[in-house]
Each structure stands twice: as C-alpha cells, then as structure tokens.
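Here is how the chains run, residue by residue.
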Amino acid sequence: MNLIIMGAPGAGKGTQAQIITDKLGIPAISTGDILRGAIKEGTELGRAARSYMDRGELVPDDIVIGMVKQYLSSERCKNGFLLDGFPRSIEQAESLARLGVKIDAVLAIEVDDEKIVERMSGRRVCPGCGASYHLKYNPPKTPGRCDRCSAELYARSDDNPETVRTRLATYHRQTEPVKKYYAGQGLLITVDGNQAIEEISKIILDALSRLGSKNDTDKK
Ligand code: AP5
Ligand code: MG
C-alpha cells in the first residue's frame, strides 16, 4: 500500500507511522526526520533547511520534492511506503501526482490545537531511529533511552511553545488545504487523534484492512 499520514505538528503522525509500518512491513518516509538527519550531518541540504525549521516554517518545495523523489525511487519503496509529513502544500501534492505515484489512502489525524503544546513539551525523540516518546503518555521502558535502539533521547529544538505556535499556524494555512485536495479524490480517512495511542492505531489498521479487502474484491 502507498499511504500518506497527515496532521498538525504533534498530532501523532510519527507515533502512528511507526506502528502502522511495523504491522504492514513497509518503510516510513518522514521528511522531518530526513531533514533533521541532514542538519546533524552538516550537509548542504541540512544547511539549506535549518533556518526554516528553526522558525517553524516550511522548507521550500523544490528542496523537499527533490528529496522525496529520490527516496520513492529507491528499492525499499517498491512494495509500498508511508509518507509522514509530505505533502504539506498543494504544490507538493501536485508534484507527487506528476511523478505518477498512485496513493491508496491518506490518513488525517485530527487533534485540538490546545492539546498540541502539552504533547510537544513532553516529547522526547530518538536521534537514531526517530522514535517518538512522551514523558507522560508514552514513556520509554528505561528513562531517557530508546526502546528500539537504546540511544539517548532528546527534546527537539522546534518544540518550544513559540515555535510550536508558528508551526501550527503554518499547518492551518498551508497544509490543511491538502486534506481537501485528497478528500476530492475520495482518498481521505479522518481519525480522531484526541484518543489514546492504541485506540487510534486500531481504528487506522481496521480502516486499512477494510480498504485492502475492497481493493481485492474490485480487482476480481
Ligand atoms: P516534522 O518533523 O514533520 O514535524 P511536524 O509535522 O511538526 O510534526 P511532529 O513530528 O512534530 O509531530 P508528529 O505528528 O509526528 O507527532 P508525534 O508522533 O511525534 O517537520 C518538522 C519541520 O520540518 C517542519 O516544521 C518544516 O520546517 C520541515 N518539513 C518537514 N516536512 C516538510 C515538507 N514536506 N515540506 C516543507 N517542510 C517540511 O507525537 C507528538 C508527541 O505526542 C509525542 O511525545 C508522542 O509520544 C505524543 N503522542 C502521540 N500520540 C498521542 C496520543 N494519542 N495521546 C497522547 N500523546 C500522544
Ligand atoms: Mg513527526
């Protein structure tokens, strides 16, 4: 399956992406994780992206589109993928369509803005595998260490309340219209993200399973 997961900053895209891709055996492609990796390595891509990310604004489309194109053409995506954090503008969605990439479903996680700041302030992430934890809602088994790769967890620099507010505004202005774009194509699956992590995963996996059965029937 070729999937997209959308939602405001802190809606739980990364958390659900990990659960879904583990279950379906497809790779998650998080543009945010790729950009943070580039910043850490000090590459040209990282240098170009850093100031936008620090301000909570979108990195320019041409940079991000080129990056995603490269990932999607790799061998590991040939049996499907889940895009986390892309597309984030109508221009990005249209460029994905121009690449000839067929999307099976777009998952939109909806969370009230008031909840977002609390989720961000308690978030800790893994620099190794990108796994996302929360001090209260999703703590690691060993405090401060990733369950999957034991790396030391850190708080993201763009998770301070001021940048979170800018990120939310950017989301409402530039990314929300993308939901309408996919709703118009009958691909949007909206999920209430104000519930517990496990509840949300169950709803998403049930919806994907129904979709898989429907696609199989349509093919016959
Ligand atoms: P990106 O890394 O994609 O950040 P984001 O969209 O702001 O989303 P987050 O990763 O912050 O949140 P999430 O939805 O993954 O939530 P998580 O699962 O971690 O992008 C960062 C920046 O990169 C952008 O601002 C932009 O500059 C740039 N960028 C990236 N992609 C781009 C693109 N396509 N174009 C241009 N620029 C781009 O969960 C959050 C917290 O809540 C965690 O602590 C988690 O444990 C907890 N949590 C999760 N679910 C629940 C739940 N149900 N209940 C309670 N707590 C929960
Ligand atoms: Mg994320």
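Please refer to the structure placed before this passage.
Residues numbered from 1 in each chain as written. Chains lettered and ligands numbered in written order. Predicted model: local features only at pLDDT ≥ 70, side-chain atom pairs only at ≥ 80, totals over all residues. Heavy atoms only, no water.

Caption draft 1: Fine view of the packing of helix H4 (residues 61–72) against helix H5 (residues 90–98). H5 packs onto H4 with a crossing angle of 35 degrees between their chain directions and a minimal axis gap of 10 Å. Every pair of crossing elements has a handedness; the one defined by H4 and H5 is right-handed. Together, Asp 61, Val 64, Ile 65 and Leu 72 of H4 and Glu 91, Gln 92, Ser 95 and Leu 96 of H5 make up the contact between the two elements. Tallied by class, the residues present in the contact of H4 with H5 amount to four nonpolar, two polar and two charged. (Axes fitted to C-alpha atoms, helices over the stretch in contact; angles between N-to-C directions. Helix = DSSP H or I, 4+ residues; strand = E, 2+ residues; numbered from the N terminus. Left-handed = near helix turned anticlockwise from the far one by under 90°. Contact = heavy atoms within 4.5 Å. Nonpolar A, V, L, I, M, F, W, Y, C, P; charged D, E, K, R; others polar.)

Caption draft 2: Spatial organisation of the packing of H5 against helix H7 (residues 161–183). Relative to each other, H5 and H7 sit at 40 degrees, their axes nearing to 8 Å. Put simply, H5 runs oblique to H7. Residue-level inspection shows Ile 90, Ala 93, Glu 94, Leu 96 and Ala 97 of H5 in contact with H7, the latter providing Gln 174, Pro 177, Val 178, Tyr 181 and Tyr 182. By residue class, the composition of the contact of H5 with H7 is eight nonpolar, one polar and one charged. (Parallel < 35°, antiparallel > 145°, perpendicular 65-115°, else oblique.)

Caption draft 3: A look at the nonpolar core. Counting 24 residues, the largest nonpolar core has Ile 4, Leu 72, Leu 83, Leu 96 and Tyr 182 as its most contacted members. Listed by contribution, the elements that provide at least two residues to this core are strand E1 (2–7), helix H2 (31–41), helix H3 (44–55), H4, strand E3 (81–84), H5 and H7. Tallying contributions element by element places H4 first for this core, with five residues. If sequence neighbours within four positions are ignored, Ile 4 has contacts with Leu 83, Phe 86, Pro 87, Leu 96, Ile 103, Ala 105, Val 106, Leu 107 and Tyr 182. Of all hydrophobic cores here, the second largest spans 22 residues; its members include Val 111, Leu 168, Leu 208 and Leu 211. (Core = buried A, V, L, I, M, F, W, Y, C linked by side-chain atoms within 4.5 Å. Buried < 20%, exposed > 50% of the residue type's maximum accessible area, 1.4 Å probe, protein only.)

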